[in-house]
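# What the coordinates show
So the chains spell out like this:
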Amino acid sequence: MAANSLVLPIVLWGPKAPTHCISALLVMDDLATIVTGCHDGQICLWDLTPKLEIIPRALLFGHTSSITCLSKANASSEKQYVVSASESGEMCLWDVNDGRCIEFTKLACTHTGIQFYQFSIGTQREGRLLCYGHYPEILVVDAISLEVLYSLVSKISPDWISSVSIIRSLRTQEDTVVAVSITGILKVWIITAEISRMQDTEPIFEEESKPIYCLNCQSISFCTFTQRSLLVVCSKYWRVFDAGDFSLLCSVSSESDQSWTGGEFVDADKIVIWTEDGSSFTYRLPSSCLPASESFRSNVGKAIENSIPPLLYHVLDRKDKSNVQHVESGYVGEAVVHVPHECYPDPVQAWELYKP
């Protein structure tokens, strides 16, 4: 085929819609668009109405294998870009507004997670994608060209990465990348303004490597309210660490039939944790976890496993309505609220709507 030949993709529509067994999901920042990826490799765009109705808008074809992760690829509210990755190493950059595939590349590795990262060079802002998965480093990729710029590499105990978070500094131009490996080792990299500008540089090695024994890590969240706490959620427990030296401040295990899938800080002393079955729990952290408290770090070095802080809210999915009364009686100051699933778009808003 000649180099200047025009290639036109052809889609054949049958009498039945293609399957769309969801493998990855992303809610855009405007809360008006949902992006889903499926095991067949398709991307679907959905409109989310103010009444929380979900209406399909477009079906996008560009991958040949299951979608492993999705991430936004820019911070603009006018033009929304999304990047998708598949099991075969394919990466696509999509324009959410019209469904066009803007860029495509294929790497010899499988991404299981992508974090969008924006930094400033003078008056310009550029985007980077921190990609991790079935390989022992974090790849830093240009968010527009999908070109690999450099990598964050481990000298000590290199292993696959389970989860990544970015701590943005308000005082310096240095940002911190925090990751937890599948073997429960916490890794820390420092990204300076000089590193952010570089391309094709030598690998950047970690500044710190510390075992925190968090296996099967699902998510890492930094507390922007205190700029001091780090929440690590694993499938069977969640823990709060001091972001200064990563000392353990609090640890809570899940019940036998629960599996945590993520969590966030909703206030300086409150976190929300959610499960794979659609339930969410809001906890008030003990004073030993609060930097403003006189007892901050008072439990460091002590046996604090399962020192359960008060459970403020337990929002259940509709199918669990009959089990509302079966909340663990050991919690202090508990309040249980059942909210119909269609009435809350996320756990944070549910907590704001149903204060006791």
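Shown above is the structure to which this text applies.
First things first, this report covers the structure right here in the doc. (Residues numbered from 1 in each chain as written. Predicted model: local features only at pLDDT ≥ 70, side-chain atom pairs only at ≥ 80, totals over all residues. Heavy atoms only, no water.)

## What about unusual backbone geometry?
How we decide: A run of DSSP states H or I qualifies as a helix once it reaches four residues; a run of E qualifies as a strand once it reaches two. Both are numbered from the N-terminal end.
Although it is not a glycine, Leu31 adopts a positive phi angle of roughly 55 degrees. Following the sequence through the fold, Leu31 ends up in the loop between strand E1 (22-27) and strand E2 (33-38). One non-glycine residue, Tyr213, adopts positive backbone phi at about 60 degrees. Here Tyr213 is to be found in the loop between strand E17 (208-211) and strand E18 (217-222).

## Section: the packing of aromatic side chains
Note the threshold: Two rings belonging to Phe, Tyr or Trp (six-membered ring only in the last case) form a pair when the distance between their centres is within 6.5 Å. Interplanar angles under 30 degrees mark stacking, angles over 60 mark edge-to-face geometry, and anything in between is tilted. Accessibility here uses a 1.4 Å probe with only protein chains present; expressed as a share of the type maximum, an area under 20% marks a residue as buried, one over 50% as exposed, and anything in between as partly exposed. Here, over-ring charges are defined by two tests on the NZ atom of lysine or the CZ atom of arginine: distance to the ring centre within 6 Å, and angle to the ring normal within 35 degrees.
The tally for this structure, following the rule as stated, stands at two aromatic pairs. Measuring from ring centre to ring centre gives 5.3 Å for Trp260 and Phe281, while their planes differ by 90 degrees; the resulting arrangement is edge-to-face. Of the two residues, Trp260 sits in strand E22 (residues 260-267) while Phe281 sits in strand E24 (residues 280-284), which places them 21 residues apart along the sequence. As far as the burial class goes, Trp260 and Phe281 line up, both buried. Lying across the ring of Phe205, Lys155 places its NZ or CZ 4.9 Å from the centre.

## Concerning the pattern of salt bridges
Test applied: Between Lys or Arg on one side and Asp or Glu on the other, a salt bridge is scored when a side-chain nitrogen of the former is within 4 Å of a carboxyl oxygen of the latter.
Taken as a whole and assessed by the stated rule, the structure comprises 12 salt bridges. Arg100 is the partner of Asp95 in a salt bridge, and the nearest nitrogen-oxygen pair spans 3.4 Å. Here the salt bridges share partners, and the residues they tie into one network are Arg228, Asp242, Asp245 and Arg297.

## Focus on the sheet that holds E1
Rule in force here: Pairing between strands is defined by DSSP: at least two bridges between the two strands are required. Angles here are taken between N-to-C directions and fall from 0 to 180 degrees, while the axes themselves are lines fitted to C-alpha atoms, restricted in helices to the stretch in contact.
In spatial order, the strands read E1-E2-E3-E4; together these four strands make up an open sheet with antiparallel pairing. Only two strands of the sheet have a single partner each, and these edge strands are E1 and strand E4 (54-61). Looking at each pair of strands side by side, their axes are set apart by 20 degrees on average, direction ignored. Pairing of E2 with strand E3 (residues 42-48) involves five bridges; the strand directions are antiparallel. Within the sheet, the bridge partner assigned to Val35 lies in E3 and is Leu45.

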